[in-house]
Amino acid sequence: MEQINIIKPDDWHVHFRDGEILKAVVPKTTRHFARSIVMPNLIPPILNGRDALKYKKRIENAIPKDEKFKPFMTIYLTENTDKKELKESYKNGSVFAVKLYPAGATTNSDSGVKDLRKVMPVLETMEETGIPLLIHGEATDTEIDIFDREKVFIDKSLDYICRNFPELKITLEHITTEEAAKYVLAGNENLAATVTPHHLALNRNSIFLGGIRPHHFCLPILKREKHRKALLEVVTSKNNKKFFLGTDTAPHLSTDKESSCGCAGIFNAPYCLPIITQIFDNANALSSLESFVSLNGANHYKINYNKSKITLRKNSMQLSFKKSLKLKNAEIIIFQPGFPIYWNVIN
Ligand code: NCD
Ligand code: ZN
């Protein structure tokens with residue numbers, strides 16, 4: 001039986017939500033991952049170090065007792081973010097990074113940035129202080145075709161940020177296109193990107209397979225097959241240093257997704273490591289798996305690798321998936337890629 005042993009992975013982009021959902025989803029991430037960057041798009045959003053610390057406590061209370069897991073907190077950048085407060089919150093460890101949502105780009109992003117020029121002074125402070133900027137890279141003008149929004153954001157906004165702040169540590173989150181992969185590869189060493197399991201597994205056909213599939217709707221939206229292939233190529237490449245796992249696990253109640261205006265977001269935490277490992281195996285690239293899931297992110301954020309390891313085993317039988325995570329009176333559908341998965345984590 002084939003088996004691999006790697007440094008315990010990190011998930012550098014998660015949505016834990018709050019309340020009952022938080023309690024149910026946190027253990028699904030902490031089972032396989034040592035550390036995560038937690039997104040701040042709650043309602044209301046996490047806007048400062050004080051809110052981030054309180055949210056961190058709620059997350060820590062949901063971690064199973066026998067597991068060691070570190071949540072790294074973010075704040076939501078607005079046109080009113082106070083740079084002095086941010087700097088202090090970074091220095092005292094309550095905030096790890098800042099998330100930029102263009103206003104209206106995705107779930108709970110209404111308080112995001114409308115005019116980039118208004119946040120330039122905050123970005124300048126972040127560059128000086130070494131605070132990472134995490135970006136939801138999609139243009140928001142509704143005139144722009146939804147499949148082109150990432151590319152337009154790169155051309156109009158990301159390039160402007162990178163040119164103005166070459167020393168700013170930037171993560172372009174959940175990239176979905178060949179253009180994004182190329183832009184990141186061509187950028188300096190401060191620019192990196194996260195990639196999700198669903199954007200490596202699926203193309204846009206799976207949103208419309210025999211009917212509309214709300215559980216495959218996320219933002220940035222799935223793209224054409226050529227883009228999926230381009231992402232797969234960069235993450236599995238032997239010299240990949242700039243791309244790392246950020247699952248963007250984004251739980252929504254099934255009733256909120258199966259609706260006349262269903263929300264964007266895919267809940268993938270329960271099986272994302274088996275799925276990613278299968279994808280790397282199918283691409284004959286298991287030797288690049290550890291860089292993608294355990295090393296490149298830590299290198300980008302200049303933090304130590306995890307000390308513990310995990311073992312994955314390839315079974316002769318397919319992994320059988322639970323369809324949903326049950327809550328008291330609701331459920332959250334779990335991401336299924338639609339091809340067989342033989343790998344599983346065994347410790
Ligand atoms: C995320 C969510 O539900 O919070 N949704 C998504 O489709 N990815 C927000 C985000 O990361 O865009
Ligand atoms: Zn996200």
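Everything discussed here concerns the structure shown above.
All of these numbers come straight from a predicted model, not from anything done at the bench.

Student: I tried to follow unusual backbone geometry on my own but got confused; where do I start?
Tutor: Backbone phi values are negative for most residues with the exception of glycine, while trans is the configuration of most peptide bonds. Residue Pro-44 is reached from Ile-43 by a cis peptide bond, and omega for that bond is -10 degrees. For Pro-44, the location among the structural elements is in the loop between strand S3 (35-38) and helix H2 (49-61). Pro-220 follows Leu-219 through a cis peptide bond whose omega is -10 degrees. Of note, Pro-220 is situated in the loop between helix H7 (197-201) and helix H8 (225-236). Positive phi outside glycine occurs at Arg-17, with the angle close to 60 degrees. Among the secondary structure elements, Arg-17 is positioned in the loop between strand S2 (11-14) and helix H1 (19-30). Of the residues examined, Arg-17 reaches a relative accessible area of 13% and is grouped as buried. One non-glycine residue with positive phi stands out, namely Lys-302, at about 55 degrees. On the basis of relative accessible area, Lys-302 is assigned to the exposed category, the value being 67%.

Student: I tried to follow the sheet that holds strand S8 (residues 191-195) on my own but got confused; where do I start?
Tutor: Backbone hydrogen bonds hold the strands of a sheet together, and the pairing may be parallel or antiparallel. Here we have eight strands laid out as an open sheet, ordered S2-S3-S4-S5-S6-S7-S8-S9, and parallel in their pairing. Either end of the sheet is taken by a strand with one partner, and the two such strands are S2 and strand S9 (243-245). In this sheet, adjacent strand axes meet at a mean angle of 30 degrees when their direction is disregarded. Where strand S5 (residues 97-100) lies against strand S6 (residues 133-135), three bridges are found, and the strand directions are parallel. Residue pairing in the sheet places Lys-99 in a bridge with Leu-134 of S6.

Student: What is the right way to read the site of ligand 1 from this model?
Tutor: Around ligand 1 there are 15 residues in total, and Arg-17, Asn-41, Thr-106, Leu-219 and Asp-248 lie nearest to it. Thr-106 is positioned with one of its side-chain polar atoms (N or O) 2.6 Å from an oxygen atom of ligand 1. At 2.7 Å from a nitrogen atom of ligand 1 is found a side-chain nitrogen or oxygen belonging to Asp-248. Within the complex, the protein chains bury 100% of what would otherwise be the 310 Å² of accessible surface of ligand 1. Across the shell around ligand 1, the residue classes tally to four nonpolar, nine polar and two charged.

Student: For this particular structure, what's the right way to read the coordination of the zinc ion (ligand 2)?
Tutor: Ideal geometry at a metal centre: 109.5 degrees between donors when four sit tetrahedrally, and 90 or 180 degrees when six sit octahedrally. His-13 (NE2), His-15 (NE2) and Asp-248 (OD) make up the full set of protein donors to the zinc ion (ligand 2), lying at 2.0 to 2.1 Å. Coordination of the zinc ion (ligand 2) draws on donor residues from a single chain, spaced H-x1-H-x232-D in sequence. The exposure class of His-13 is buried, given its relative accessible area of 1%.

Student: Help me out: how do you make sense of the packing of aromatic side chains in this one?
Tutor: Both the distance between ring centres and the angle between the ring planes are used here to describe each pair of aromatic rings. On inspection of all chains with the given rule, the structure shows nine aromatic pairs. Aromatic side chains Tyr-271 and Phe-321 sit 4.3 Å apart centroid to centroid with 55 degrees between the ring planes, which places their arrangement in the tilted category. Here Tyr-271, found in the loop between helix H9 (254-257) and helix H10 (272-282), pairs with Phe-321, found in the loop between strand S10 (309-314) and strand S11 (324-326); they are 50 residues apart in sequence, far enough to count as distant. Here the two residues Tyr-271 and Phe-321 agree in accessibility, since each one is buried. A connected cluster of aromatic rings, assembled from ring pairs, spans Trp-12, Phe-72, Phe-96, Phe-244 and Tyr-301. Looking at Arg-204, its charged tip hangs above the ring of Phe-147, at a distance of 4.6 Å from the centre.

Student: Help me understand the environment of Asp-66, please; the structure alone is not making it clear to me.
Tutor: For Asp-66, the position within the fold is in the loop between H2 and strand S4 (70-76). Using a relative accessible area of 69% as the deciding quantity, one classes Asp-66 as exposed. Put simply, Asp-66 and Arg-31 are 35 residues apart on the chain and 9.9 Å apart in space, counted from C-alpha to C-alpha.

Student: Where do I start with H10 in this structure?
Tutor: For H10, the buried fraction is high: ten of the eleven residues fall into the buried class. Buried within H10 we find Cys-272, Leu-273, Pro-274, Ile-275, Ile-276, Thr-277, Gln-278, Ile-279, Phe-280 and Asp-281. Asn-284 occupies a position one or two residues after H10 and carries a positive phi of about 55 degrees.

Cut-offs used in this document
- Residues numbered from 1 in each chain as written.
- Chains lettered and ligands numbered in written order.
- Predicted model: local features only at pLDDT ≥ 70, side-chain atom pairs only at ≥ 80, totals over all residues.
- Heavy atoms only, no water.
- Helix = DSSP H or I, 4+ residues; strand = E, 2+ residues; numbered from the N terminus.
- Buried < 20%, exposed > 50% of the residue type's maximum accessible area, 1.4 Å probe, protein only.
- Pairing = 2+ DSSP bridges.
- Axes fitted to C-alpha atoms, helices over the stretch in contact; angles between N-to-C directions.
- Near = heavy atom within 4 Å.
- Polar contact = N/O pair within 3.5 Å; in protein donor to acceptor, adjacent residues only side chain to side chain.
- Areas by Shrake-Rupley, 256 points an atom, 1.4 Å probe, with all protein chains shown as cover.
- Nonpolar A, V, L, I, M, F, W, Y, C, P; charged D, E, K, R; others polar.
- Donors = N, O, S within 2.8 Å, 3.2 Å for Na, K, Ca; no water.
- Phe/Tyr/Trp six-rings, centres within 6.5 Å; stacked < 30°, edge-to-face > 60°.
- Lys NZ or Arg CZ within 6 Å of the ring centre and 35° of its normal.

Functional significance is not addressed by these values, which are geometric in nature.
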